[in-house]
Amino acid sequence: APITAPDISTCVPSSSGFDPENTVRTKACCPPATSKPIKKIEFPNDRATRIRPAAHTVSKEYIVKYKSAIEAMRCLPDDHRHSFVSQAKIHCAYCNGGYVTQVASGFPKIELQIHNAWLFFPFHRWYLYFYERILGKLINDPTFALPYWNWDNPAGMTLPEFFEEDGKANPAFDAYRDCNHRPPATVDLNYAGNDISVHSCGQQISTNMIAMYRQMVTNAGDPLSFFGGKYSAGDDAGDPSVGSIEAGCHAAVHRWVSNPRMPNNEDMGNFYSAGYDPVFYVHHANVDRMWKLWKEMGIKGHIEPPEPDWLNASYVFYNENIELVRVYNKDCVQLEKLKYNYQVVPIPWKYSRP
Ligand code: C2O
């Protein structure tokens with residue numbers, strides 16, 4: 001049977017995946033409950049499709065708008081369902097044992113984990129979908145789209161400038177980052193905790209291109225290699241088979257941004273704290289874009305998992321109208337229905353077959 005996630009009233013404080021004695025973010029990650037019934041997803045009838053721009057290409061005006069949306073979110077009281085903290089907690093609850101049980105799936109003793117297997121792409125797609133719509137609502141802009149960090153393109157391989165401190169209390173800044181990886185440092189898509197100083201920037205770019213080709217083509221020829229292994233109700237999260245992108249550039253960028261001197265690699269280096277860094281959502285927009293690009297390569301085998309346990313797996317989120325909504329993997333496959341898409345930029349790694 002598919003994962004039916006979760007019954008939020010069963011949520012407990014998070015306890016796994018970090019040192020509980022040494023946290024800088026809260027472990028109490030459960031979302032506020034609601035007495036209203038869970039709604040079914042209604043697809044948006046927005047007139048315009050939101051086009052997520054590549055972060056290194058955005059205009060000054062766009063940056064002002066993006067920052068004002070993040071600022072508005074930070075200004076909400078923490079217990080508001082749309083607050084910056086509530087949005088960050090979603091990740092912590094789903095990924096650090098907040099749902100210690102798969103109660104809703106009929107397995108009351110098994111922890112739910114949406115990483116390390118085939119729920120990774122669809123869960124994060126839905127997470128960003130609501131996050132983006134909430135930000136748009138906060139600034140009254142129904143066309144608002146998140147930027148994506150285009151780290152697979154040489155022009156986008158540094159942390160986007162608008163995340164930097166700018167002397168004016170930038171709402172997109174986060175104190176828990178690796179200060180050695182600020183611009184103009186080139187991101188390392190194979191990063192595993194060590195800076196390889198022999199690399200010139202040019203070498204780093206070609207190593208990154210090769211990593212992308214490997215994760216998008218060579219090692220991603222069928223649904224389970226790309227999405228991750230099967231994960232159904234009753235399966236133990238301790239037995240993972242991670243998809244090529246999740247294990248590769250996705251994890252590398254998380255680590256590369258995070259502060260290695262923090263006890264749990266806060267913020268980006270741990271599931272429980274990652275959502276507190278605005279970079280998280282901009283990083284994940286590009287991860288989500290990889291799903292779209294992989295599909296569009298037109299290679300046989302580049303399809304979503306056909307198994308009903310993938311198609312019918314579900315999650316719940318608070319939408320932009322503060323209604324709790326249940327959403328299914330099968331409903332996030334077509335971006336047209338979700339009314340967002342990605343700005344088209346060159347994809348140089350397509351030609352980086354090693
Ligand atoms: Cu839910 Cu990038 O992790």
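For the structure, see preceding data.
Visitor: Quick question: what am I supposed to make of the packing of helix H2 (residues 84-95) against helix H3 (residues 120-138) here?
Guide: Packed helix pairs are characterised by how far apart their axes lie and by the angle those axes make with each other. Orientation of H2 relative to H3, taken along the N-to-C sense of each, is 165°, at an axis distance of 11 Å. Judged by the angle between their axes, H2 and H3 are roughly antiparallel. Relative to H3, the crossing made by H2 is right-handed. Side by side, H2 and H3 meet where Gln87, Ala88, Ile90, His91 and Tyr94 of the first sit next to Phe123, His124, Tyr127, Tyr131 and Ile134 of the second. Residue classes in the contact of H2 with H3 are distributed as seven nonpolar, three polar and no charged.

Visitor: In this structure, what is going on with the nonpolar core? I would like to understand it.
Guide: Looking at soluble globular proteins, one finds that nonpolar side chains tend to be buried together. The biggest cluster of nonpolar side chains holds 101 residues, and the ones touching the most others in it are Tyr94, Trp126, Trp149, Trp151, Met216 and Tyr315. If you tally residues by element for this core, the top one is H3, at 11 residues.

Visitor: Would you mind going over the packing of aromatic side chains with me for this structure?
Guide: Tallied over the full model, the rule gives 33 aromatic pairs. Taken together, a centroid distance of 6.4 Å and an interplanar angle of 90° make the contact between Tyr66 and Phe163 edge-to-face. Taken as a pair, Tyr66 in helix H1 (residues 60-75) and Phe163 in the loop between H3 and helix H4 (201-218) lie far apart in primary sequence, 97 residues in all. You'll find Tyr66 and Phe163 in the same group, each marked buried. Taking the centre distance of 5.4 Å and the plane angle of 75° together, the rings of Phe123 and Tyr315 count as edge-to-face. With Phe123 in helix H3 and Tyr315 in strand E3 (residues 314-318), this pair connects stretches of sequence that are 192 residues apart. Residue class for Phe123 comes out buried when judged on its relative accessible area of 0%. Aromatic rings pair up to connect Tyr94, Phe123, Trp126, Tyr127, Tyr129, Phe130, Tyr131, Phe280, Tyr281, Tyr315 and Phe317 into one cluster. Between Arg52 and the ring centre of Tyr340, over which it is positioned, the NZ or CZ distance is 3.7 Å. Directly above the aromatic system of Phe84 lies the positively charged group of Arg74, at a separation of 4.0 Å from the ring centroid.

Visitor: Please clarify how helix H6 (residues 244-257) should be interpreted in this entry.
Guide: In a regular helix each residue adds 1.5 Å, so 14 residues correspond to 20 Å; H6 covers 20 Å between its end C-alpha atoms and thus fits that length. By the largest-angle criterion, His250 marks the main kink of H6, which is about 30°. Taken across its 14 residues, H6 has 11 buried, putting it largely inside the fold. For H6, the full list of buried residues reads Ser244, Ile245, Glu246, Gly248, Cys249, His250, Ala252, Val253, His254, Trp256 and Val257. Where the residues of H6 are buried, they touch H3, H4, helix H5 (223-227), helix H7 (271-274) and helix H8 (279-296).

Visitor: Hey, could you run me through the pattern of salt bridges in this one?
Guide: Two side chains that carry opposite charge are able to pair once their charged atoms sit near each other. A complete count under the given rule lists 18 salt bridges for this structure. Notably, a salt bridge pairs Arg25 with Asp174, separated by 3.3 Å at the nearest N-O pair. Of this pair, Arg25 sits in the segment before strand E1 (39-40) while Asp174 sits in the loop between H3 and H4, placing them 149 residues apart in sequence. Judged by relative accessible area, Asp174 falls into the buried class, the value being 6%. As a salt-bridge pair, Lys39 and Glu323 come within 3.2 Å of each other at their nearest N and O atoms. Pair noted here: Lys39 is in strand E1 and Glu323 is in the loop between E3 and strand E4 (324-328), with a separation of 284 residues, a long-range link.

Visitor: Help me out: how do you make sense of the environment of Lys67 in this one?
Guide: With respect to the secondary-structure elements, Lys67 resides in helix H1. For Lys67, a relative accessible area of 16% translates into the label buried. For the pair Lys67 and Gly243, spaced 176 residues apart in sequence, the C-alpha separation works out to 32 Å. Beyond its immediate sequence surroundings of up to four residues, Lys67 is in contact with Phe162, Asp166, Asn170 and Pro171.

Visitor: Would you take a moment to explain the sheet that holds E3 for this structure?
Guide: As a general point, the strands of a sheet are linked pairwise by backbone hydrogen bonds and lie either parallel or antiparallel. Overall, mixed pairing links the three strands, which are arranged E1-E4-E3 in an open sheet. Of all strands in the sheet, those with a lone pairing partner are E1 and E3, marking the two edges. Pairing of E1 with E4, which is carried by two bridges, proceeds in the parallel orientation. Bridged to Lys40 within E4 is Arg326. Sheet strands in contact with H3 are E3 and E4, and its direction is about 15° off that of E3.

Rules and cut-offs
Per chain, residues are indexed from 1 in the order of the written sequence. In keeping with the model being predicted, local features are shown solely for residues with a pLDDT of at least 70 and side-chain atom pairs are shown and tallied solely at 80 or more, while totals for entire chains, interfaces and linings include all residues. The side-chain quantities take in all heavy atoms of the structure and omit both hydrogens and water. Between the N-to-C directions of two axes lies an angle of 0 to 180 degrees, each axis being a line fitted to C-alpha atoms and, for a helix, fitted only over the stretch in contact. What counts as a helix is a DSSP run of H or I of at least four residues, what counts as a strand is a run of E of at least two, and both are numbered from the N terminus. We call two directions roughly parallel when the angle between them is under 35 degrees, roughly antiparallel when it is over 145, roughly perpendicular when it lies between 65 and 115, and oblique otherwise. Crossing chirality is assigned from the near helix's rotation relative to the far helix, an anticlockwise turn below a right angle marking it left-handed and a clockwise turn marking it right-handed. We call two residues contacting when some pair of their heavy atoms lies within 4.5 Å. Only Asp, Glu, Lys and Arg are considered charged, only Ala, Val, Leu, Ile, Met, Phe, Trp, Tyr, Cys and Pro nonpolar, and every remaining residue, Gly among them, polar. Take the buried Ala, Val, Leu, Ile, Met, Phe, Trp, Tyr and Cys residues and link them wherever side-chain atoms come within 4.5 Å; each set so joined is a nonpolar core. Accessibility here uses a 1.4 Å probe with only protein chains present; expressed as a share of the type maximum, an area under 20% marks a residue as buried, one over 50% as exposed, and anything in between as partly exposed. Pairing of aromatic side chains here covers Phe, Tyr and the six-membered ring of Trp, requires ring centres within 6.5 Å, and sorts the geometry by plane angle: under 30 degrees stacked, over 60 edge-to-face, intermediate tilted. Working rule: Lys NZ or Arg CZ, within 6 Å of ring centre, within 35 degrees of ring normal, means a charge sits over the ring. Here a helix's expected span is defined as the number of its residues, less one, multiplied by 1.5 Å. Bend at a given residue is defined as the angle between two axes, one fitted to the seven residues that end at that position and one fitted to the seven that begin there. By definition here, a salt bridge exists when the distance from a side-chain nitrogen of Lys or Arg to a carboxyl oxygen of Asp or Glu is within 4 Å. If DSSP finds at least two bridges between two strands, the strands pair.

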